[in-house]
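Tertiary structure, described
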Amino acid sequence: MSTKPLKPIKQPQKKISIEDTESLKCEDCNNYSFIKSYFIRRISAILSPTGQETMIPIEVFSCGNCGKVPASMMPKGDG
Ligand SMILES: [Zn+2]
């Protein structure tokens, strides 16, 4: 066990090349390009802290071809 005060951990600078990355592709049509879109979550006035109905935008990416949002980006709560 060390009694020395903890120093801030320096993350070693890892160089990542594009070959090490993985393309996300649409599960439905195998398209590789995505467009930014938003889910809008609505909070009813009863549950909202302000007492007013509130819209909360959640930024996601949807397939630029078929519009499907990858399951990993789907906000939870819609079952
Ligand atoms: Zn698609």
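Overview of the structure. Chains are numbered independently. Their residues run from 1 in the order of the written sequence. Since the coordinates come from a predicted model, pLDDT governs what is reported: local features require at least 70, and pairs of side-chain atoms require 80 or more to be given and counted, while whole-chain, interface and lining totals use all residues.

Structurally, the position occupied by serine 72 is in the segment after strand E2 (54-63). With 8 C-beta atoms packed within 10 Å, serine 72 lands in the exposed category. Sequence-wise, serine 72 and leucine 6 are 66 residues apart; in three dimensions their C-alpha atoms are separated by 36 Å. Only DSSP runs of H or I with at least four residues qualify as helices, and only runs of E with at least two residues qualify as strands; both kinds are numbered from the N terminus onward. Neighbour counting defines burial: a residue surrounded by 20 or more other C-beta atoms within 10 Å of its own C-beta is buried, one with 12 or fewer is exposed, and intermediate counts give partly exposed, using backbone-placed C-beta atoms.

The next subject is the pairing of strand E1 (residues 34-43). Taken across its 10 residues, E1 has 0 buried, putting it largely on the surface. Should DSSP find at least two bridges between two strands, the strands are taken to pair. In this sheet, E2 lies alongside E1 in antiparallel orientation, the contact comprising 10 bridges. Across the sheet, the residue bridging to isoleucine 40 is proline 57, located in E2.

Bringing unusual backbone geometry into the picture now. Look at asparagine 30: it is not a glycine, yet its phi comes out positive at around 60°. With respect to the helices, strands and loops of the structure, asparagine 30 is situated in the segment before E1. Since 10 C-beta atoms lie within 10 Å of it, asparagine 30 is described here as exposed.

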